[in-house]
Amino acid sequence: MKLDTERIDQAVLALLRLGLHDGTRAWKSFDWDAMARLHEKGYISDPVGKEKSIAFTDEGLRQSEQLLKALFAEPDK
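Definitions and cut-offs
Residues numbered from 1 in each chain as written. Predicted model: local features only at pLDDT ≥ 70, side-chain atom pairs only at ≥ 80, totals over all residues. Heavy atoms only, no water. Patch = residues over 30% accessible without salt bridge, like charges linked within 9 Å, V, L, I, M, F, W, Y side chains within 5 Å. Areas by Shrake-Rupley, 256 points an atom, 1.4 Å probe, with all protein chains shown as cover. Salt bridge = Lys/Arg side-chain N within 4 Å of Asp/Glu carboxyl O. Helix = DSSP H or I, 4+ residues; strand = E, 2+ residues; numbered from the N terminus. Core = buried A, V, L, I, M, F, W, Y, C linked by side-chain atoms within 4.5 Å. Buried < 20%, exposed > 50% of the residue type's maximum accessible area, 1.4 Å probe, protein only. Contact = heavy atoms within 4.5 Å.

1. A word on a nonpolar patch on the surface
A cluster of nonpolar side chains, contributed by Leu15, Leu18, Leu71 and Phe72, occupies part of the molecular surface with about 380 Å² of accessible area. Of all the elements in the fold, those that place two or more residues in the nonpolar patch are α1 (5-18) and α3 (58-72). The residue phenylalanine 72 is located in helix α3 in this model.

Now the structure itself:
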C-alpha cells in the first residue's frame, strides 16, 4: 500500500500539539521518518539526540494548532 506522507506529516504535527509542554516542547513519540520530514520542513527541532522531546519552531506551532483544529475539532454547534 502506498501512503500519502504529506497527510501523515500533517496528522503527526497536529498530534504533537497534544503533548505540548513548557511553552514549545512536545514529546517525540512518533515515527522517526515523519519526525525527520517535519524537521526538514522547518516545523520542529532536530529529533535526533538524547532529549525525549522536540521544540516547535514558531511556524510549526502555528501549523500544528491549525491542523489540530482542521483534522480533529468537532464542528461548531
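2. Some details on the nonpolar core
By size, the foremost hydrophobic cluster in this structure holds 14 residues, and its most contacted members are Val12, Leu13, Leu16, Met35, Leu38, Ile44 and Phe56. Those elements that provide at least two residues to this core are α1, α2 (32-40) and α3. In contact with valine 12, other than residues within four places in its own chain, are Phe30, Ala34, Met35 and Leu38.

3. Let's talk about the pattern of salt bridges
In this structure the tally under the stated criterion is seven salt bridges. Aspartate 9 serves as the salt-bridge partner of lysine 41, at 2.8 Å between the closest nitrogen and oxygen. Residue lysine 41 is found in the loop between α2 and β2 (53-55), and its partner aspartate 9 is found in helix α1; the two are separated by 32 residues along the sequence. Between glutamate 51 and arginine 25 there is a salt bridge; the shortest N-O distance is 3.1 Å. Taken as a pair, glutamate 51 in the loop between α2 and β2 and arginine 25 in strand β1 (residues 25-27) lie far apart in primary sequence, 26 residues in all. In the salt-bridge network here, residues are joined through shared partners; they are Glu6, Asp9, Arg37 and Lys41.

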